[in-house]
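Residues per chain are reported as follows:
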Amino acid sequence: MKHVPHGRPLAARFARPLLAALCLAALPATVMTVAAAPLEAADKQSPRQRIPFNDGWKFHLGDPDGNSAPYLYDIRPEVKESADGKVADAMPEEAARIARGNAPLLKPWVLPTGNAFIKDPAKRHARPASEPAIDAPYAKAGFDDSAWRAVTLPHDWAIEGPFLTTGPYGGMGRLKTWGPAWYRNKITVTGADAGKPVFLDIDGAMAYSSVWINGRLAGGWPYGYNSFRIDLTKYLKPGDNQLAIRLDNTPESARWYPGAGLYRNVWLTKTAPLHVGQWGVQVRTPKVSKESAQVAWNVTLDNAGGAPAAADVTTELYALDDKGRITGKPVATVVSPTTTVAPGASATVAGETTLKNPRLWGPVPTQKPNRYTAVTTVRQNGRVMDRYETPFGIRELRFDGVKGMYINGEHVPIRGVNNHHDLGALGAAFNVRAAERQLEIMQEMGINAVRMSHNPPDPQLLELTDRMGILVQNEVFDSWERKKTPLDFHLIFPDWHEQDLRSMLRRDRNHPSIVMWSVGNEVGEQYTGEHGAAIGRKLVGIVHEEDPDGRPATTAMNWAKPDMPLPATMDVISLNYQGTGIRTLPGQFPAFHEKFPGKAILHTESASALSSRGEYQFPVPGALSAAVRPGAGGDPKTQQVSAYELFAADFGSSADRAFASLDQNPYTAGEFVWTGFDYLGEPTPYYGARSSYSGIVDLAGFKKDRFYLYQARWRPELPMVHILPHWTWPDRVGEVTPVHVFTSGDEAELFVNGKSQGRLKKAPYAYRLRWDFVAYEPGTIEVVAYREGKEWARSSVKTAGAPAALQASADRATIAGDGKDLSFITVRVADKAGLTAPRASNAVRFTVEGPGELVATDNGDPTSFVSFQSPQRAAFNGLVLGIVRARPGARGPITVRVTADGLQPATVALRSTGR
């Protein structure tokens, strides 16, 4: 499910775009236009407009005169020494004591922004009567920003680097994400249409945002991952209006790369005084079967007018096609009783209906992600005041302690991955196609679920999971009151936890892909007994209030034991690494199952296996799983980890060991592997690097060998066999070079240059076949896999010659010319026979001709400090990636040429279709 403020515009639903005006309460008849984007009305009958506001921005790093003191949200603890490489599962610490003093702060003016998400009116914040005593020249209309940089949103200024090659901050990706940044844009009021509220909707801003209109502070939001709304109405005037947004991300704010800037979409929303409130429609399906489904909804109405408003609400339910478009006539129409909404107040209107033979939403591949939408029409005295669309899904969800999760009566084991929010070379600036590509690669591997680690995602990501049939555990916090880094979320948790949690729940609660809410990850309150449990109980209570008879709440635990207070407060037991066992500690699945036999148990982080794509190190230990050590899985000189997929973080395990722990405890609901993709920051075990080693796929989107180990497990009916390592070792002739095989078969035979090395069968709780004493000789290795005695699949690997040519291919040859759509170009360094040269490191150059441009390059090497914007990049073990987009509004052929000294070049033909 999704909401219009974060979904597709209603113009797409009615296909009647209309240039219309934004207008203001208590002003003469005026019309407001936005210089940065055309205005589109949702429908001729409805005043609601949701206007993309991503163009026309000016950007600048730093505060006036370098003085940030007047703009601080709150006093921050002093960080005397930066640290890096802290063990990922270290115990969070108590918050530092801060001397408040009398420093001027913006906090009193920012706190009221969250009032709508504070349940108790007595705890809401009153805005100070006076304005903050700040001159704020960057917020004024008269300031000359002509020298500032022009940018288009979403914008992550930190991804441009340069990388920090010395000192700490490997944990944050070796990219400077901290320091004040300003964005400016204009809203111009030019005509009539008085009396209507105008809102600024920001999908995400990193972080401590303060929003200024015409030099006045309108509000803000500290947490960089949540979406929020600022009511602009009373600050706007006829003529030009200056909008300025200041962000102030902190150093030591995260354990990974947080990104920077206005890194998600920004919108302007205009409504009539009587309108559906922010994320104001909640659709529930309390009773579901294949034969019928009860669909119930609540509509929150806001009245920004000066008189009571009698509201008539009609709700129509439509079926959606697989692209999210309405099909056919309404399957139900319900008219709710007239409701009077007091001026400046809100009211809730309820409705429900029963659908026969509903089209159920469920995860692929065994079910289909069917969806509906609720179209809410609000009338006053017969006139349409608002029309609001809320896509949703109908599905029955159940968890138990015996087998885990059931969806629509089918037992569905969770086969999931964790993913951080960055998009590799694109940084944190959200791009729908880049996120879709990640999910497509993961689905090819066999996932059915994603855990959002450890923050609310861009709302467009949830639209993708809804459409693609991927389950989601949506997570809100990485810390509560205790800190993991000196300046992380713990600083604002006491003031903002309720607002941040409720806002995430209201924004996301209609998405059918979400099957679970997580209120925390490895929080320090695991260590604080009943005090920590009280916080957990409060957060779970908020989830149940906002999502009644809905999804369970959980928190991921890496230390708490069954007899401690915190686990008892959760609906589902979520364990990070503990299920398999951390270091010398035994697996905790049986103990938790005995204590909580009625609760589902889930491995929210499993494995944390480490590897560098294509980097094989010798000798290869006979162990099933081992921590990375010098000469045993890791090379401190190159900072690379062996790709034999036997090695893991100290607190983790190989995939094989994690599989065994789940299979030996069949009541478990499944796993979320750490991680699907490599991500920027947290480069355990080598904090001199820029990005992690834990991904099943590298940062560029190239598959590691581990991809095929998971594919063999999660897609057992797919005939496949994968061989590692590559077979190009001129310096290893005659030396032992183990061959490992991942297959969905149950046995296999290995041949080296036609000579059998033996036929092996998988042992119980074994997930790979290994020939550990093969002597290397150039030529061909081939594996024939069998299943139940019959040939199942076969594969071979040949020795490659010297690099001779480049081969290039695009994941998509046709892209939209909207400045957003992307084509990902894979370049392989090949020998004269066309075989990939698996150790090649040739420098590859990209050039783009026609109406396109190169956005970024990468190669998946976690140690590379070459700028992502560089058109030249060395191949890493034979592969390079280029990312290309079409210029906005342009159409026609695009030619991408790739060259390298001494190698035959390659060309890729793309086409832009225009907007």
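So, here's what we can say about the structure. None of the values given here were measured: they were computed from a predicted structure.

## As for the overall build of the protein chain
Now for step 1: Each helix and strand in the protein chain was counted, giving 10 helices and 52 strands.
Now for step 2: Over its C-alpha trace the protein chain gives a radius of gyration of 28 Å, about what one expects of a compact globule, namely 29 Å for 915 residues.
Now for step 3: The dimensions of the protein chain, computed from C-alpha atoms along their principal axes, are 90 × 60 × 60 Å.
Now for step 4: Relative to its 915 residues, the protein chain shows a buried fraction of 62%.
Now for step 5: Accessible surface, the protein chain: about 32,200 Å² in total, of which carbon and sulfur atoms supply 52%.
Now for step 6: The protein chain carries 102 positive and 95 negative side-chain charges, and their two centres are separated by 4 Å.

## Observations concerning the packing of helix 3 (residues 432-445) against helix 10 (residues 706-714)
Now for step 1: Orientation of helix 3 relative to helix 10, taken along the N-to-C sense of each, is 55°, at an axis distance of 8 Å. When the axis of helix 3 is compared with that of helix 10, the two are oblique. Facing Ile441, Glu444 and Met445 of helix 3, the residues of helix 10 in contact are Phe707, Tyr710, Gln711 and Trp714.
Now for step 2: For the contact of helix 3 with helix 10, the per-class residue count stands at five nonpolar, one polar and one charged.

## A closer look at the pattern of salt bridges
Now for step 1: Using the criterion set out here, one finds 55 salt bridges in the structure.
Now for step 2: Arg839 is the partner of Asp731 in a salt bridge, and the nearest nitrogen-oxygen pair spans 3.4 Å. Residue Asp731 is located in the loop between strand 37 (721-724) and strand 38 (739-743), and its partner Arg839 is located in the loop between strand 46 (822-830) and strand 47 (843-849); the two are separated by 108 residues in the primary sequence.
Now for step 3: Through salt bridges with shared partners, one network takes in Lys119, Glu498, Arg502, Arg506, Arg509, Glu545 and Glu546.

## Describing the packing of aromatic side chains
Now for step 1: Using the criterion set out here, one finds 39 aromatic pairs in the structure.
Now for step 2: Seen in terms of ring centroids, Trp221 and Phe228 are 5.9 Å apart; in terms of plane orientation they differ by 15°. Their pairing is stacked. Residues Trp221 and Phe228 agree in their burial class; the two are buried.
Now for step 3: On the basis of an interplanar angle of 55° and a centroid distance of 4.6 Å, the ring pair of Tyr223 and Phe489 is categorised as tilted. A residue pair is termed long-range when its members are at least 10 positions apart, and Tyr223 in the loop between strand 9 (216-221) and strand 10 (228-231) and Phe489 in the loop between strand 26 (471-475) and helix 5 (493-508) qualify at 266 residues. Like Phe489, Tyr223 is buried.
Now for step 4: Through a chain of ring-to-ring contacts, three or more aromatic side chains come together here, namely Tyr71, Tyr138, Phe143, Trp148, Trp182 and Trp212.
Now for step 5: One residue, Arg787, lies across the ring of Trp792, its end atom 4.5 Å from the ring centre.

## Things to note about the nonpolar core
Now for step 1: By size, the foremost hydrophobic cluster in this structure holds 177 residues, and its most contacted members are Trp57, Leu200, Trp212 and Leu501.
Now for step 2: With sequence-adjacent residues up to four places away left out, Leu501 is seen in contact with Val476, Phe477, Val519, Leu539, Ile542 and Val543.
Now for step 3: By size, the runner-up hydrophobic cluster in this structure holds 30 residues, among which are Val281, Val283, Val334 and Ala347.

## Some thoughts on the layout of surface pockets
Now for step 1: By volume, the second largest pocket is sized at about 1,400 Å³.
Now for step 2: As for the second largest pocket, its lining consists of 41 residues, and the residues nearest its centre are Ala116, Phe199, Asp231, Gln278 and Asp302.
Now for step 3: When contributions to the lining of the second largest pocket are tallied by element, the ones reaching two or more residues are strand 9, strand 10, strand 13 (274-288), strand 14 (292-303), strand 18 (346-356) and helix 6 (529-546).
Now for step 4: For the lining of the second largest pocket, the element with the most residues is strand 13, which contributes seven residues.
Now for step 5: Looking at the lining of the second largest pocket residue by residue, the class counts come to 15 nonpolar, 15 polar and 11 charged.

## Notes on empty space enclosed by the protein
Now for step 1: Enumeration according to the criterion identifies 11 cavities of 30 Å³ or more in this entry.
Now for step 2: In this structure, the largest cavity encloses a volume near 280 Å³.
Now for step 3: As for the largest cavity, its lining consists of 23 residues, of which Tyr223, Tyr225, Ser253, Asp488 and Phe489 are closest to the centre.
Now for step 4: When the residues that make up the lining of the largest cavity are grouped by side-chain class, the tally is 12 nonpolar, seven polar and four charged.
Now for step 5: Reported here for the second largest cavity is a volume of approximately 210 Å³.
Now for step 6: Contributing to the lining of the second largest cavity are 19 residues, with His420, His421, Phe430, Pro457 and Leu461 lying nearest its centre.
Now for step 7: Only helix 3 and strand 25 (449-452) provide two or more residues apiece to the lining of the second largest cavity.
Now for step 8: Looking at the lining of the second largest cavity, the element that brings in the most residues is helix 3, giving three residues.

## Side note on unusual backbone geometry
Now for step 1: With an omega dihedral of 0°, the bond running from Phe618 to Pro619 counts as a cis peptide bond.
Now for step 2: Mapped onto the elements of the fold, Pro619 is located in the loop between strand 30 (601-607) and strand 31 (626-627).
Now for step 3: A cis geometry characterises the amide bond from Leu724 onward to Pro725, with omega recorded as 5°.
Now for step 4: Structurally, the position occupied by Pro725 is in the loop between strand 37 and strand 38.
Now for step 5: For Asn408, which is not a glycine, the phi torsion comes out positive at approximately 55°.
Now for step 6: For Asn408, a relative accessible area of 15% puts it in the buried group.
Now for step 7: Phi angles above zero are rare outside glycine, and Glu682 is one such case at about 45°.
Now for step 8: Summarising the element assignment, Glu682 is placed in the loop between strand 36 (670-674) and helix 10.

## Observations concerning the sheet that holds strand 13
Strand pairing in a sheet relies on backbone hydrogen bonds. The paired strands run either parallel or antiparallel.
Now for step 1: Within the open sheet, the three strands sit side by side as 13-14-18. Their pairing is antiparallel. Lying at the two open borders of the sheet, with one neighbouring strand each, are strand 13 and strand 18. Averaged over all neighbouring strand pairs, the angle between strand axes comes to 15°, with direction disregarded.
Now for step 2: Here strand 14 pairs with strand 18 via 11 bridges, running antiparallel. Within strand 18, the position partnered with Thr300 by the bridge is Thr348.

## Observations concerning the side chain of Ser653
Now for step 1: Positionally, Ser653 belongs in the loop between strand 35 (647-648) and helix 9 (655-663).
Now for step 2: With residues near it in sequence (within four places) discarded, Ser653 still touches Thr580, Ala607, Ser608, Ala609, Ser625, Ala648 and Ala658.

## Re helix 9
An α-helical segment advances 3.6 residues per turn. Residues three or four places apart therefore align on the same side.
Now for step 1: A large share of helix 9 lies buried, amounting to seven of its nine residues.
Now for step 2: Within helix 9 the residues assigned to the buried category are Ala655, Asp656, Ala658, Phe659, Ala660, Ser661 and Leu662.
Now for step 3: Those residues of helix 9 that are buried are in contact with helix 8 (589-595), strand 30, strand 36 and helix 10.

## Quick word on the sheet that holds strand 32 (residues 629-630)
Now for step 1: Strand order in the open sheet formed by three strands is 32-33-34, and the pairing between neighbours is mixed. This sheet does not close on itself; its edge strands, each paired only once, are strand 32 and strand 34 (640-641).
Now for step 2: Two elements, strand 32 and strand 33 (residues 633-635), share two bridges in a ladder whose sense is parallel. Bridge pairing in strand 33 places Arg629 opposite Gly633.

Rules used in this analysis
The numbering scheme is per chain: residues are counted from 1 as the chain's sequence reads. The model is predicted, so local features are restricted to residues of pLDDT at least 70 and side-chain atom pairs to those at 80 or more, both for listing and for counting; the totals for chains, interfaces and linings are taken over all residues. Calculation of side-chain values draws on the structure's entire complement of heavy atoms; hydrogens and water are dropped beforehand. Helix and strand assignments come from DSSP, with helices taken as H or I runs of at least 4 residues and strands as E runs of at least 2, each series counted from the N terminus. Radius of gyration: over C-alpha atoms. The globule rule applied is 2.2 Å multiplied by the number of residues raised to the 0.38 power. Buried residues are those whose accessible area, probed at 1.4 Å on protein chains only, stays under 20% of the maximum for their type, while exposed residues exceed 50% and partly exposed ones sit between those limits. Per-residue and other accessible areas were derived by the Shrake-Rupley procedure at a 1.4 Å probe size, with only the shown protein chains allowed to occlude residues. Under this rule, positive means Lys or Arg and negative means Asp or Glu; His and the chain ends count for nothing. In this description, the location of a charge corresponds to atom NZ of lysine, CZ of arginine, CG of aspartate or CD of glutamate. Axis definition: a line fit to C-alpha positions, over the contact stretch in the case of helices; interaxial angles, taken between N-to-C directions, run 0 to 180 degrees. Angles are sorted into four bins: roughly parallel if under 35 degrees, roughly antiparallel if over 145, roughly perpendicular if 65 to 115, and oblique for all others. A contact between two residues is defined here by any heavy atoms of the two lying within 4.5 Å. Classification used: nonpolar for Ala, Val, Leu, Ile, Met, Phe, Trp, Tyr, Cys and Pro, charged for Asp, Glu, Lys and Arg, polar for all others including Gly. Just to be clear on terms, a salt bridge is a Lys or Arg side-chain nitrogen sitting within 4 Å of an Asp or Glu carboxyl oxygen. Pairing of aromatic side chains requires ring centres within 6.5 Å, counting the rings of Phe and Tyr and the six-membered ring of Trp. Pairs whose planes differ by under 30 degrees are stacked, by over 60 edge-to-face, and all others tilted. Two conditions define a charge sitting above a ring: the NZ of Lys or the CZ of Arg must be within 6 Å of the ring centre, and it must be within 35 degrees of the ring normal. Nonpolar cores were defined as sets of buried Ala, Val, Leu, Ile, Met, Phe, Trp, Tyr and Cys residues, with membership established by side-chain atoms within 4.5 Å. The definitions used throughout rest on a 1 Å grid laid over the protein atoms alone, on which a cavity is an enclosed set of points accommodating a 1.4 Å probe that cannot get out and a pocket is an open set flanked by protein within 12 Å on both sides along at least five of seven lines; lining residues are those having an atom within 4 Å of a point. Grid points are joined across faces, edges and corners, and a volume is the space filled by probe spheres set on the points. Two strands are counted as paired when DSSP detects at least two bridges linking them.

None of the figures reported here should be taken as evidence of function without further support.
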